[in-house]
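Residues per chain are reported as follows:
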Amino acid sequence: MNYENSAEFVKKMDADDPLAKYRGQFHIPQHNGQDCIYFCGNSLGLQPVTAAPAIQQELEDWKNLGVEGHFKGKNPWKDYHEFLTEQLAHVVGAKPVEVVAMNNLTVNLHLLMASFYRPTKERHKIIIEQSAFPSDQYAVKSQIAFHGFDPATSLIELKTGEDIEPLIDESVALILIGGVNYYTGELFDLEKITRLGHAKGCIVGFDLAHAAGNALLKLHDWSVDFAAWCSYKYLNGGPGAVAGAFVHERFANDHTLPRFAGWWGHDKKSRFKMGPDFKPIAGAEGWQLSNPSIFGLAPLRASLNMFYEAKMENLRAKSEALTGYLAFLLAGKAELMTPADPARRGCQLSIRAKSKKVFDALTEGGVVCDWREPDCVRVAPVPFYNTFSDVYRFAKIFTEVPL
Ligand SMILES: *Cc1c(COP(=O)(O)O)cnc(C)c1O
């Protein structure tokens, strides 16, 4: 794309943006009576205007129907998680049977590792990326220790920029990589990693916290074994929103996999017979334990409906243009930790800052972004609600910081 550093160019880009109408579908936080430049969707996505009415509907049904809301509500609660399935499948490139909205991210990682991390004396290692999000490191190390192995010898860390292929051999049980690294913003080649892992007999799972709703994913076609993600970042489900999980279709009826069971994963036809023997629902739903928080699912559903309508392909196309524009405006003015190739990044750029003063000046100027020690400012222009003017205003503030 031929970018220009001018107010006219930005005006034209925003006027021609086919997704422009969605900005009005979100509440934009204010700074000195003006819209913030909200570049923090990588941490907490903004609130869709449809979120509050969605929650209100369930409060009404609870008020008017009590327990009968499970069966007679406008959106019967016993089926509520299913109202999100189709949309969730679209967002991660899956079949409906492969996804479910449940729990929170780290919980889902543990539940899926209970099934998919089955270490033996010969094959017990897990590959994660170096400086993975702390929760993932804790989860993986505790799983290794839980099975009686030592993280010092069973955990392999993929260094930034390192080729994963030489690390994969017959001693690796599981590859568990973050789809987009939270710190650098690097988008991994998930298809290739899956192929390389499977060629050596490894299970391949992904943490998609920073990829879901951001990168174009094709989990089914890539044959990924399992994945989990949270829904409060790019999926705009609200703080602590109900997370997601993916289990490939080939395991939908695989009863040889061990799993931790709960009644909400039990066959729907006989769930309320309350029998003693667990019979899992086919597919990802069979990994559910508890009946889900309806007030947690309602805003997520409202948001996912928008993804389904706008379509990930369109969001991704705008995202590449928007982040590409930011990279263009910052060229020669900032050092980026994020890969320059648009195919190797999501919407986030991680800027190496000379001092925290940069971040403070941005905050002062009405930018919401975040600071990560020791020297990183993460900025994420989100295609759903950010504009080319946001990017232009941001770059102006950034380049004018007196250092
Ligand atoms: C945000 C994030 C988490 C947070 O975990 P929760 O269980 O949702 O609190 C975990 N892992 C990664 C990679 C993340 O980006």
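Residues numbered from 1 in each chain as written. Predicted model: local features only at pLDDT ≥ 70, side-chain atom pairs only at ≥ 80, totals over all residues. Heavy atoms only, no water.

### Focus: the packing of helix 4 (residues 85–92) against helix 10 (residues 294–310)
Closest axis-to-axis distance for the helix 4/helix 10 pair is 9 Å, and the angle between their directions is 55°. By the angle between their directions, the pair helix 4 and helix 10 is classed as oblique. Crossing angle aside, the handedness with which helix 4 passes helix 10 is left-handed. Contacts between helix 4 and helix 10 pair Glu86, Gln87, Leu88, His90 and Val91 from the former with Leu304, Asn305, Phe307 and Tyr308 from the latter. (Axes fitted to C-alpha atoms, helices over the stretch in contact; angles between N-to-C directions. Helix = DSSP H or I, 4+ residues; strand = E, 2+ residues; numbered from the N terminus. Parallel < 35°, antiparallel > 145°, perpendicular 65-115°, else oblique. Left-handed = near helix turned anticlockwise from the far one by under 90°. Contact = heavy atoms within 4.5 Å.)

### Focus: the domain arrangement of the protein
When its domains are assigned, the protein resolves into domain 1 (7–42 + 312–399) and domain 2 (53–309). Summarising the inter-unit geometry, the C-alpha centres of domain 1 and domain 2 are found 28 Å apart. Taken together, the contacts link 31 residues of domain 1 with 21 residues of domain 2. Seen at the junction of domain 1 and domain 2, the total is one salt bridge. The interface formed by domain 1 and domain 2 contains twelve residue pairs in polar contact (both at pLDDT 80 or more). Every element with two or more residues in the side of domain 1 that touches domain 2 is listed here: helix 11 (312–330) and strand 15 (376–379). It is helix 11 that provides the largest number of residues to the side of domain 1 that touches domain 2, a total of five residues. (Domains from an automatic or database assignment. Salt bridge = Lys/Arg side-chain N within 4 Å of Asp/Glu carboxyl O. Polar contact = N/O pair within 3.5 Å; in protein donor to acceptor, adjacent residues only side chain to side chain.)

### Some thoughts on the environment of Lys268
Mapped onto the secondary structure, Lys268 falls in the loop between strand 10 (244–247) and helix 10. A sequence separation of 53 residues divides Lys268 from Ala321, and the C-alpha atoms of the two residues are 45 Å apart. If we skip the residues at most four places from it in the chain, Lys268 touches Glu82, Ile281 and Glu285. Of note is the side chain of Lys268, whose polar atom sits 2.8 Å from the side chain of Glu285.

### Things to note about the state of the cysteines
The full count for this structure, using the stated rule, is zero disulfides. Cysteine Cys230 is unpaired, with the sulfur of Cys40 as its nearest cysteine sulfur at 13 Å. On the basis of relative accessible area, Cys230 is assigned to the buried category, the value being 2%. (Disulfide = S-S within 2.5 Å. Buried < 20%, exposed > 50% of the residue type's maximum accessible area, 1.4 Å probe, protein only.)

### Overview of the sheet that holds strand 14 (residues 370–372)
One open sheet holds the four strands; their spatial order is 11-12-15-14, and the pairing between them is antiparallel. Of all the strands in the sheet, just strand 11 (335–336) and strand 14 have a single pairing partner and so form its edges. Across two bridges, the pairing between strand 11 and strand 12 (residues 349–352) is antiparallel. Within strand 12, the residue paired with Leu336 across the bridge is Ile351. Its contacts with the sheet put helix 11 on strand 11, strand 12 and strand 15, and the angle it makes with strand 12 is roughly 20°. (Pairing = 2+ DSSP bridges.)

### Comments concerning the nonpolar core
Residues Ile127, Ile175, Leu208, Trp229 and Phe384 are the most contacted members of the largest nonpolar core, which totals 66 residues. Among the elements that take part in this core, helix 10 stands out by supplying nine residues, more than any other. Two domains share this core, each providing at least three of its residues, namely domain 1 (7–42 + 312–399) and domain 2 (53–309). Once residues within four sequence positions are removed from consideration, Ile175 is found in contact with Ile127, Ile164, Ile168, Ile193, Gly197, Cys202, Ile203, Val204 and Gly205. (Core = buried A, V, L, I, M, F, W, Y, C linked by side-chain atoms within 4.5 Å.)

### What about the sheet that holds strand 9 (residues 226–229)?
Each strand in a sheet pairs with another by means of backbone hydrogen bonds, the pair being arranged parallel or else antiparallel. Spatially, the seven strands line up as an open sheet ordered 4-10-9-8-7-5-6, and their pairing is mixed. Pairing within the sheet leaves two strands with one partner each, and these edge strands are strand 4 (99–101) and strand 6 (155–158). Ignoring strand direction, the axes of neighbouring strands in this sheet form an average angle of 15°. In terms of strand pairing, strand 9 meets strand 10 through four bridges, oriented antiparallel. Bridge assignment links Ala228 to a residue of strand 10, and that residue is Ala245. Across the sheet, helix 6 (residues 134–146) lies against strand 5 (125–129), strand 6, strand 7 (172–178) and strand 8 (203–207), angled at about 175° from strand 5, the strand it touches most.

### Here's the deal with the pattern of salt bridges
Once the charged atoms of two side chains with opposite charge are near each other, the side chains can pair. Overall, the coordinates contain 19 salt bridges when judged by the stated rule. Close ionic contact of Glu68 with Lys72 constitutes a salt bridge, the shortest N to O distance being 3.3 Å. On the basis of relative accessible area, Lys72 is assigned to the exposed category, the value being 56%. A salt bridge links Arg352 to Asp375; its shortest N-O distance comes to 3.4 Å. Taken together, the residues Arg352 in strand 12 and Asp375 in the loop between strand 14 and strand 15 connect sequence positions 23 residues apart.

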